[in-house]
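This is what each chain is made of:
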Amino acid sequence: DGGITQSPKYLFRKEGQNVTLSCEQNLNHDAMYWYRQDPGQGLRLIYYSQIVNDFQKGDIAEGYSVSREKKESFPLTVTSAQKNPTAFYLCASRGQDRYEQYFGPGTRLTVT
Amino acid sequence: LAKTTQPISMDSYEGQEVNITCSHNNIATNDYITWYQQFPSQGPRFIIQGYKTKVTNEVASLFIPADRKSSTLSLPRVSLSDTAVYYCLVGDIRAAGNKLTFGGGTRVLVKP
């Protein structure tokens, strides 16, 4: 089955710890994206990558970091510098010549 | 990116047609209109996309008037499973990065 996966579905961390969220796709898509969603709100773009070894900041990149060493993988690290990390995190990908983004199931991160 | 305005919520009943209107007064020449559907604790799913006039697929229709300052998503004969949040997005889908800007969306509740 082709698709985009995120793991884990739920993640709990103590304040002050860095945490890395996984995003993998086997759709052969070039572009990948990370969004954050807070309760009752729309999605906000954190980082995006159009090609391997390249990525750009989105609207709320502070406190986050990413890497794109492989086409299939786009992990997101939530650092201790992120003031309010508790949220629902969504990863998406888009193929060349396609205009819609395909989203993963999301990871709900809770930091206490 | 063009700002969009859509109703916060709508109620409907099974079997009825649901129409959600989105306003985008400052839409640019290269902008397309895209609608996504999101169920609780899931990633958004692409529904339909259009530039002008009318677009129809197996799940919805999209009506765009000549001035393109608004658009209407039409869901025919809704069922309980259509209860979700619907997002209207406007942007240049061919632009580098294909960044999406999600507003608050419209919460549609389908009642039996």
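Predicted model only: the values in this text are computed from it and were never measured.

This next bit is on the pattern of salt bridges. All names here are of chain A. Scanning the entire structure with this criterion turns up four salt bridges over all chains. A salt bridge links Asp 30 to Lys 71, with the nearest nitrogen and oxygen atoms 3.4 Å apart. Of this pair, Asp 30 sits in the loop between strand 3 (19-25) and strand 4 (31-37) while Lys 71 is found in the loop between strand 7 (64-66) and strand 8 (76-78), placing the two residues 41 residues apart along the sequence. Using a relative accessible area of 25% as the deciding quantity, one classes Asp 30 as partly exposed. Owing to a relative accessible area of 24%, Lys 71 belongs among the partly exposed residues under this scheme. Here Arg 44 and Asp 38 are joined by a salt bridge, their closest N and O atoms 2.8 Å apart. Using a relative accessible area of 16% as the deciding quantity, one classes Asp 38 as buried. A cluster of three or more residues bridged by salt bridges with shared partners is formed by Arg 36, Asp 38 and Arg 44.

Across chain B, the average pLDDT comes to 91, with 96% of residues at or above 70. Ranking the elements of chain B by mean pLDDT puts strand 8 (residues 84-91) of chain B last with 93 and strand 6 (residues 61-64) of chain B first with 98.

The strands that make up a sheet pair up through hydrogen bonds in the backbone, lying either parallel or antiparallel. Residue and element names in this part refer to chain B. Taken in spatial order, the four strands of this open sheet run 2-7-6-5, and their pairing is antiparallel. The open sheet has two free edges, formed respectively by strand 2 (18-23) and strand 5 (53-56), since each of these has just one partner strand. Neighbour to neighbour, the strand axes of the sheet diverge by 15° on average, direction disregarded.

Cut-offs used in this document
Residues numbered from 1 in each chain as written. Chains lettered and ligands numbered in written order. Predicted model: local features only at pLDDT ≥ 70, side-chain atom pairs only at ≥ 80, totals over all residues. Heavy atoms only, no water. Salt bridge = Lys/Arg side-chain N within 4 Å of Asp/Glu carboxyl O. Helix = DSSP H or I, 4+ residues; strand = E, 2+ residues; numbered from the N terminus. Buried < 20%, exposed > 50% of the residue type's maximum accessible area, 1.4 Å probe, protein only. pLDDT = per-residue confidence, 0-100. Pairing = 2+ DSSP bridges. Axes fitted to C-alpha atoms, helices over the stretch in contact; angles between N-to-C directions.

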